[in-house]
Amino acid sequence: MTNPFATTEGVQAQRNLFRVLASADDGALADFAKDVVAGRVAPRDLLTRSWAVESVADETLAAIDEFQRLPETERAALVARGPEFLDEYVAGLASLDVEAEPTPPPPPRRRPARDEDDDEPPPSLLRDAW
């Protein structure tokens, strides 16, 4: 089987995937994706990030366990459909319009204003620290 991400469509799919991930507000994966989009790191460098390796390893082991619990006929059907599913997945990612204007986030919620008559002091910021 040819690596679908080694094709022209696969390269575009990977580029789009990392652009979408980079548009996330925060988090280690979003930061990594921003570095990929900026050309500072390659996607394969994700395998050198301990947080990613642990997360991927845990998710992968859980998926393997779930797969192994399936009846043999279901496992065979999933394996047979695998290449077709991967081709559809890559084609879908490659066709994403990531240059389109993203939906703006909702405006931040405002905290209610304090009444001038309120004699109660605001809660201490360090109250839970002790």
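Above this text is the structure in question.
Everything in this summary refers to the structure shown in the same document. The residue numbers shown here count from 1 along each chain, following its written sequence. With the structure being a predicted model, the display of local features is reserved for residues of pLDDT at least 70 and the display and counting of side-chain atom pairs for 80 or more, all residues being used for whole-chain, interface and lining totals. Think of the side-chain values as coming from all heavy atoms in the structure, minus any hydrogens and water.

1. A few points about the overall build of the chain
Here comes step 1: Going along the chain from the N terminus, every DSSP run of H or I of four or more residues is numbered as a helix, and every run of E of two or more is numbered as a strand. Across its full length, the chain carries four helices and zero strands.
Here comes step 2: Ordering the α and β elements of the chain from the N terminus gives α-α-α-α.
Here comes step 3: Here the term buried applies to any residue with accessible area under 20% of the maximum for its type, exposed to any over 50%, and partly exposed to those in between, with areas from a 1.4 Å probe on protein chains only. The proportion of buried residues among the 130 residues of the chain is 13%.
Here comes step 4: Put simply, 37% of the contacts in the chain that link residues at least 6 apart link residues at least 24 apart. Residues are treated as being in contact if the distance between any of their heavy atoms lies within 4.5 Å.

2. Some thoughts on the packing of aromatic side chains
Here comes step 1: Only Phe, Tyr and Trp rings are paired, with Trp represented by its six-membered ring, and only when their centres lie within 6.5 Å; those with planes under 30 degrees apart are stacked, over 60 edge-to-face, the remainder tilted. The tally for this structure, following the rule as stated, stands at two aromatic pairs.
Here comes step 2: Relative to Tyr89, the ring of Phe85 has its centre 6.2 Å away and its plane inclined at 20°; by these criteria the two rings are stacked. Of the two residues, Phe85 and Tyr89 both sit in helix α4 (residues 72-94), four residues apart, roughly one turn of that helix.
Here comes step 3: Looking at Tyr89, the relative accessible area reads 37%, which means it is partly exposed.

3. What about the nonpolar core?
Here comes step 1: Formed by Phe18, Ala22, Phe32, Ala33, Val36, Val41, Leu46 and Ala52, the largest nonpolar core amounts to eight residues.
Here comes step 2: Elements supplying a minimum of two residues to this core: α1 (8-22) and α2 (28-37).
Here comes step 3: At three residues, α2 tops the list of elements feeding residues into this core. In plain words, nonpolar cores are sets of buried Ala, Val, Leu, Ile, Met, Phe, Trp, Tyr and Cys residues tied together by side-chain atoms within 4.5 Å.

4. Regarding α1
Here comes step 1: Multiplying 1.5 Å by the residue count of a helix minus one yields the expected span of that helix. The end-to-end C-alpha distance of α1 is 21 Å, a good match for the 21 Å that 15 residues give at a rise of 1.5 Å each.
Here comes step 2: Turning to α1, its buried residues are Gly10, Ala13, Asn16, Phe18 and Ala22.
Here comes step 3: Taken together, the buried residues of α1 touch α2 and α4.

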